[in-house]
Amino acid sequence: MKNSSQTMLGSFFVIMLLALACNQPKQKNQPVTEAIDRTVIPLPEPEFGGIIGKTYKESESEWPKLPAPPAGAPNVVVIMLDDVGFGQTSTFGGPIPTPVLDQLASQGLRYTRFHTTAICGPSRAALITGRNHHNAGSGFLAEWATGFPSYNNMIPKSTATIGATLKGNGYATSWFGKNHNTPDWESSVAGPFDRWPTGMGFEYFYGFIGGETNQYYPVIFENTKAVEPDKSPEEGYHFMADMTDKAINYMQYSKAVAPDKPVFMYFAPGAAHAPHHAPKEWSTKFKGKFDAGWEKVREETYQRQLDMGIIPRDTKLTPRPEWVPAWDTLSLDQKKLYLRLMENFAGYLAYTDHEIGRLIDAIHQLPDADNTMIIYVVGDNGASAEGGPDGTLNEVKALNGFSTPMEENLKHIDDIGGPKGEPHYPVGWAWSGNAPFQWVKQVASHFGGTRNPMVVSWPAQIKDVGGIRTQFLHLIDVVPTILDAANLPAPKTVNGVVQKPMDGVSFLSTFHDANAKPVRNRQYFEVFSNRAIYDNGWIAAAQHTFPWRQDYAPGNWDNDTWELYNIDDDFSEANDLAASNPEKLAEMKALFDEEAKKNSVYPLDDRGTGRIYEAKPSPGGSDPKRKHFTYYAGTTRLAETAAPNMKNKSHTITAEINIPANGGDGVLVAEGGSGGGFALYIKDGKLVYEYNFFDEDRYIVTSTEKIPVGKSTVQMEFIYEGEEGEMAKGGHINLFANGNKIGEGKMDKSIPGRFGIDTFGIGEDTGSPVSKDYSPPFVFAGNILKVDIDLK
């Protein structure tokens, strides 16, 4: 026990220290000293600085200080668009007006040699971790995941996100929109939740999981709970506006409660990824704007890029490849469809720019708006050719390997952009939108796949407003730059896990100096076996697969043709030097192999469809060979890969139900949506099984008699007619009630891969409806005791 003199002496020193501290300039809630080891997250708990005596009378309390970043740490907002090419926005010479992005660029800097991975999920993993995508377990997309560490899409705890680092240092962290980094087999109520945004350091999440969502019928999660839109498409609902509203509200609320606490927001619209869902009033603005065709639009973009200084004066416009037909060779029907699809895309992107403008206006109203850094990455890859040669009104159908006749698409041309379709424009517009470069999304070998514009605004620090920066940068450089701006180190351990070193490097120096030293001298690229290596101005490239050919897998990487470019003199990769400089090419190929081994790129895998069909982990670690499943009412919004895989095999669905005296219509089981799926439901008292084949063919079997009032057991039996290993075959459908056969029918084909965006549910059809025979969610009016699904 302390004696009185010790107590008085101790109190004297405490008072003196507090007095000295009060005379030191510091941020509110900022620790007196920065003698904190910020390389360990969470930060160590502060020692108690008060005095504990025998009673409160001789004691002095002190509240523990919450983590706070260094003084002056900025708010940070990272915006990433989806599937937008280098030459599509007006800010970088493109034909689509983006006045909000134009204005932001006039208040900050434009970066013209910034790079992505060439595909969405890997780009996003690189963006939020600061590591190359293979090092973050994201060599390709979750839907194509395989069981290799670099390709399992399970971001390791050793590559903690910027959310985790900033949260641990006292930031308010949030994520809105697209999340293509949580494996969909982990997106059910069974979790695990450590790879959800809330488990990766983002305190609030409002968005969707996967590569895309229907903008009118989105699959939304708030934190880890599935939620439904508050109104229908007919009432004006669109997810882009919804997520913007939520982001503005969250940011304003956070700042109202804790004005001195900096905010980190990751704002990732699903736009302009397919489905291209543009409100009609936006798409009609572009009627006739692209009638000159994709070559002329591309040439005009190129000329604007030259005039604006976006590209060097000696840049060549790369020629039209053989896989893009000349516009003047197209039929009138082709032009009609292709123009409507492009006008719709333009409307979608312009509408997105408008909505982001609402967010930026709200940012500018913050009390510390000047100390807010906005990093706006214009696309996670180049413009997408995944719509195929003709484009599509059902993007998932195209990804499953099915084409649609031109005359069939023209029948539905007025539906483009609305809730009834899932459109995507043809390859020619993607190529045009990547001016002046070769190739498109997925093709990581060339800049048409990997070079995306970026704009950075930070009024408190960037004074060369409207300036252009030409340093070679990559997504992995964003996290180190944010940490540098906040005066924070990269963590060595997060939650006890030793961290892999950052692959990225800060480009903060470029904010103040247009001629800052090169930030990045070397960078590899690889997606889908399309690969490249950049080193000190040189780049070697090998294109291997085609984005619109999921069935194409050459399987022989030694036969690839490597190209060689000196991009210091050849901005657009127009002059292949491979034949004239074979020694340099050999050196570069060896360098790619070195980087590939260093970054765990191997094994290369060029299978498209084959990887989609490869079995993924089962939810909660259950037996992947499981054949029997039991579900109960309330099971909704279960991801397709987390639900029983009934495709390409015989199966039964058995439901024990209770029909009330006043009738019991509604959905018993449904999976998928308007673009493809199935539903087992009761309508007008009769049992109905409907199989929606990409909204092209609908196979409907209705029972011959009504289901009686009270308890009943109803069953749908599907007998698959294909042999083991055969896909997309048809089969025979039988309906039963209480053991008696009450209906039968046949279907001559089935969907082999994925139904698409929508989900699996019991007792209702959430999202877009599988059937046109009811309006969603068509909740079952009776009671569902249980539903058994058995795979044969």
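Use the structure listed above.
Definitions and cut-offs
Residues numbered from 1 in each chain as written. Predicted model: local features only at pLDDT ≥ 70, side-chain atom pairs only at ≥ 80, totals over all residues. Heavy atoms only, no water. Helix = DSSP H or I, 4+ residues; strand = E, 2+ residues; numbered from the N terminus. Rg over C-alpha atoms; globule rule 2.2 N^0.38 Å. Buried < 20%, exposed > 50% of the residue type's maximum accessible area, 1.4 Å probe, protein only. Contact = heavy atoms within 4.5 Å. Areas by Shrake-Rupley, 256 points an atom, 1.4 Å probe, with all protein chains shown as cover. Lys, Arg positive; Asp, Glu negative; His and termini not counted. Charge placed at Lys NZ, Arg CZ, Asp CG, Glu CD. Pairing = 2+ DSSP bridges. Axes fitted to C-alpha atoms, helices over the stretch in contact; angles between N-to-C directions. Parallel < 35°, antiparallel > 145°, perpendicular 65-115°, else oblique. Nonpolar A, V, L, I, M, F, W, Y, C, P; charged D, E, K, R; others polar. Core = buried A, V, L, I, M, F, W, Y, C linked by side-chain atoms within 4.5 Å. Phe/Tyr/Trp six-rings, centres within 6.5 Å; stacked < 30°, edge-to-face > 60°. Lys NZ or Arg CZ within 6 Å of the ring centre and 35° of its normal. Salt bridge = Lys/Arg side-chain N within 4 Å of Asp/Glu carboxyl O.

*Asks:* Explain the overall build of the protein residue by residue, including any values.
*Replies:* Of the regular secondary structure elements, the protein holds 15 helices and 30 strands. For 792 residues, the compact-globule estimate of 2.2 N^0.38 gives 28 Å, and the C-alpha radius of gyration of the protein, at 28 Å, lies within 12% of that figure. Seen through its C-alpha atoms, the protein measures out along the principal axes to roughly 95 × 80 × 50 Å. The burial tally for the protein puts 61% of its 792 residues in the buried class. The long-range share in the protein, meaning contacts at least 24 apart out of those at least 6 apart in sequence, stands at 74%. Of the accessible surface of the protein, which amounts to about 30,700 Å², a share of 52% is contributed by carbon and sulfur atoms. One finds the centroid of the 74 positive side-chain charges in the protein at a distance of 3 Å from the centroid of its 97 negative side-chain charges.

*Asks:* Account for the sheet that holds strand S24 (residues 686–693), with residues named and values stated.
*Replies:* On the basis of which strands lie adjacent, the open sheet formed by five strands has the order S25-S24-S23-S22-S29 and antiparallel pairing. Each edge of the open sheet is held by one strand with a lone partner, namely strand S25 (697–706) and strand S29 (760–762). When strand polarity is set aside, the average angle formed by the axes of neighbouring strands in this sheet is 10 degrees. By the bridge criterion, three bridges tie strand S22 (residues 666–673) to S29 in an arrangement that is antiparallel. Note on S29: the bridge partner recorded for Val 669 is Ile 762.

*Asks:* I'd like a rundown of helix H13 (residues 478–485), residues and numbers included.
*Replies:* With seven of its eight residues buried, H13 lies for the most part within the structure. All of the buried residues along H13 are Val 478, Val 479, Pro 480, Thr 481, Ile 482, Leu 483 and Ala 485. Positive backbone phi, at 60 degrees, marks Asn 487, one or two positions downstream of H13.

*Asks:* Before we move on, could you go through the packing of helix H5 (residues 239–257) against helix H8 (residues 332–364) and cite the residues and values that matter?
*Replies:* The contact between H5 and H8 brings their axes to 10 Å, and the two run at 10 degrees. It follows that H5 is roughly parallel to H8 by the angle criterion. Contacts between H5 and H8 involve Met 240, Ala 241, Thr 244, Asp 245, Ala 247, Ile 248, Met 251 and Gln 252 from the first element and Tyr 351, Thr 352, Glu 355, Ile 356, Arg 358, Leu 359, Ala 362 and Ile 363 from the second. Residues that form the contact of H5 with H8 fall into these classes: ten nonpolar, three polar and three charged.

*Asks:* Quick one: what's the story with the nonpolar core, residue by residue and with numbers?
*Replies:* Ranked by internal contacts, the top residues of the largest apolar core, which has 104 residues, are Ile 96, Phe 176, Met 265, Phe 267, Phe 290, Tyr 376 and Trp 429. Sort the elements by how many residues they give to this core and H8 lands first, with 16 residues. The next biggest cluster of nonpolar side chains, apart from the first, holds 48 residues, and it includes Leu 127, Met 454, Trp 458 and Ile 482.

*Asks:* Tell me about unusual backbone geometry, residues and numbers included.
*Replies:* Put simply, Gly 191 and Pro 192 share a cis peptide bond, and its omega is 0 degrees. Following the sequence through the fold, Pro 192 ends up in the loop between strand S5 (172–179) and strand S6 (204–209). Looking along the chain, the bond that leaves Ala 274 and enters Pro 275 is cis, with omega of 0 degrees. Here Pro 275 is to be found in the loop between strand S9 (263–268) and helix H6 (280–283). A positive phi is found at Asp 83, a non-glycine position, where the angle reads about 60 degrees. Tracing the chain through its elements places Asp 83 in the loop between strand S2 (75–80) and helix H2 (99–106). A positive phi is found at Asn 648, a non-glycine position, where the angle reads about 60 degrees. By relative accessible area, Asn 648 is classed as partly exposed at 21%.

*Asks:* How would you summarise the side chain of Ser 618 if you had to cite specific residues and measurements?
*Replies:* Note on placement: Ser 618 falls in the loop between helix H15 (609–613) and strand S20 (628–631). On the basis of relative accessible area, Ser 618 is assigned to the buried category, the value being 16%. Look past the residues within four positions of Ser 618 in its chain and what remains in contact with it is Asp 623 and Pro 624.

*Asks:* Now, about the packing of H2 against H8: what can you tell me, with residues and values included?
*Replies:* Direction vectors running N to C along H2 and H8 enclose 45 degrees, while the axes themselves pass 8 Å from each other. As far as their axial angle goes, H8 and H2 are oblique. Between H2, through Pro 99, Val 100, Leu 101 and Leu 104, and H8, the contact on the second element is made entirely by Asp 353, Ile 356, Gly 357 and Ile 360.

*Asks:* Please provide a residue-by-residue account of the packing of aromatic side chains, values included.
*Replies:* Per the counting criterion, the structure on display carries 49 aromatic pairs. Relative to Phe 205, the ring of Trp 175 lies with its centre 5.9 Å away and its plane at 80 degrees, an arrangement referred to as edge-to-face. Of this pair, Trp 175 sits in strand S5 while Phe 205 is found in strand S6, placing the two residues 30 residues apart along the sequence. As far as burial versus exposure is concerned, Trp 175 and Phe 205 are alike and both buried. Clustering of aromatic rings is evident, with ring pairs tying together Phe 286, Phe 290, Trp 294, Trp 327, Tyr 338 and Trp 429. Seen from the ring of Trp 282, Lys 285 lies directly overhead, with NZ or CZ sitting 4.8 Å from the centre. The side chain of Lys 749 reaches across the aromatic face of Phe 693, ending 4.9 Å from its centre.

*Asks:* Requested: an account of the pattern of salt bridges, with residues and values cited.
*Replies:* Applying the stated rule across the entire model yields 40 salt bridges. Put simply, Arg 313 and Asp 307 hold a salt bridge, and the shortest N to O gap is 3.9 Å. When sorted by exposure, Arg 313 lands in the same class as Asp 307, which is exposed. Among the ionic pairs, Lys 647 bridges to Glu 640, the shortest N-O distance being 2.7 Å. Taken together, the salt bridges that share partners define one network made up of Asp 82, Arg 124, Lys 178 and Asp 380.

*Asks:* Can you tell me about the environment of Ser 674, naming the residues and giving the values?
*Replies:* As for its position among the elements, Ser 674 is in the loop between S22 and strand S23 (676–683). Taking the C-alpha atoms as reference, Ser 674 lies 9.9 Å from Tyr 217; in sequence the two are 457 residues apart. Beyond its immediate stretch of four places on either side in the chain, Ser 674 contacts Pro 419, Asn 692, Asp 695, Arg 698, Ser 768, Pro 769 and Val 770.

*Asks:* So what's going on with the sheet that holds strand S21 (residues 651–659)? Which residues, and what values?
*Replies:* Pairing within the open sheet is antiparallel, and its six strands lie in the order S20-S30-S21-S26-S27-S28. Whereas interior strands pair on both sides, the edge strands pair on one side only; in this sheet they are S20 and strand S28 (740–749). Mean inter-strand twist for the sheet, computed between neighbouring axes without regard to direction, equals 15 degrees. Here four bridges tie S20 to strand S30 (residues 783–791), and the two strands are oriented antiparallel to one another.

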